[in-house]
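# Topology and contacts: notes
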Amino acid sequence: QVQLVESGGGLVQPGGSLRLSCVASGNIFRIYVMGWYRQAPGQQRELVGLISSGGATNVTDSMKGRFTISRDNAKKTMYLQMNSLNSDDTAVYYCNARIQTMANLLSDYWGQGTQVTVSS
């Protein structure tokens, strides 16, 4: 059983910062690409950015310069540093990972999401 658990969400004022974490656990052999997505109320889930197992990142253009993705492979953890937050960033943030299990099964997994609310 593989699990992804996000944390770090909450209420933040406009212009503030938050750091989200996503920890993978379970019967994991290897974690390949990981990604952050978000879904605002009434909208479709959108990609925030991806990070390869080697650390190469690709952040959605509208969030470049404010959002940074990183990972610690030893800790099976991915991070999303979000700066200069505004109300448009209010959403549930989800992590996703392509994981190969010890049973040699390759699948995409999702976390349960963490709420980020930007409001004064």
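The structure presented is a predicted model; accordingly, all values stated were derived computationally and were not measured.

### Some thoughts on the environment of Arg98
- Here Arg98 is to be found in strand E9 (residues 91-101).
- Remark: the alpha-carbon pair of Arg98 and Trp110, spanning 12 residues in sequence, is separated by 9.2 Å.
- Setting aside chain neighbours within four positions, we find Arg98 in contact with Arg30, Ile31, Tyr32, Val33, Leu106, Ser107 and Asp108.
- Separated by 2.8 Å, the side chains of Arg98 and Asp108 make a polar contact.

### Let's talk about the pairing of strand E11 (residues 114-118)
- Only one face of E11 is buried, namely the one carrying Thr114, Val116 and Val118, since none of Gln115 and Thr117 on the opposite face is buried.
- Sheet topology places strand E2 (residues 10-12) next to E11; three bridges connect them, and they run parallel. Looking at E11, one finds that Leu11 is bridged to Thr117.
- When E9 meets E11, the two strands line up antiparallel, connected through three bridges. Note that in E11 the partner of Ala91 across the bridge is Val116.

### Regarding the packing of aromatic side chains
- Counted according to the given criterion, the structure contains one aromatic pair.
- The ring of Tyr79 has Arg19 lying over it, and the distance from NZ or CZ to the ring centre is 4.0 Å.
- The positively charged end of Arg45 is found above the aromatic ring belonging to Trp110, 4.6 Å away from the centroid.

The rules we used
- Residues numbered from 1 in each chain as written.
- Predicted model: local features only at pLDDT ≥ 70, side-chain atom pairs only at ≥ 80, totals over all residues.
- Heavy atoms only, no water.
- Helix = DSSP H or I, 4+ residues; strand = E, 2+ residues; numbered from the N terminus.
- Contact = heavy atoms within 4.5 Å.
- Polar contact = N/O pair within 3.5 Å; in protein donor to acceptor, adjacent residues only side chain to side chain.
- Buried < 20%, exposed > 50% of the residue type's maximum accessible area, 1.4 Å probe, protein only.
- Pairing = 2+ DSSP bridges.
- Phe/Tyr/Trp six-rings, centres within 6.5 Å; stacked < 30°, edge-to-face > 60°.
- Lys NZ or Arg CZ within 6 Å of the ring centre and 35° of its normal.

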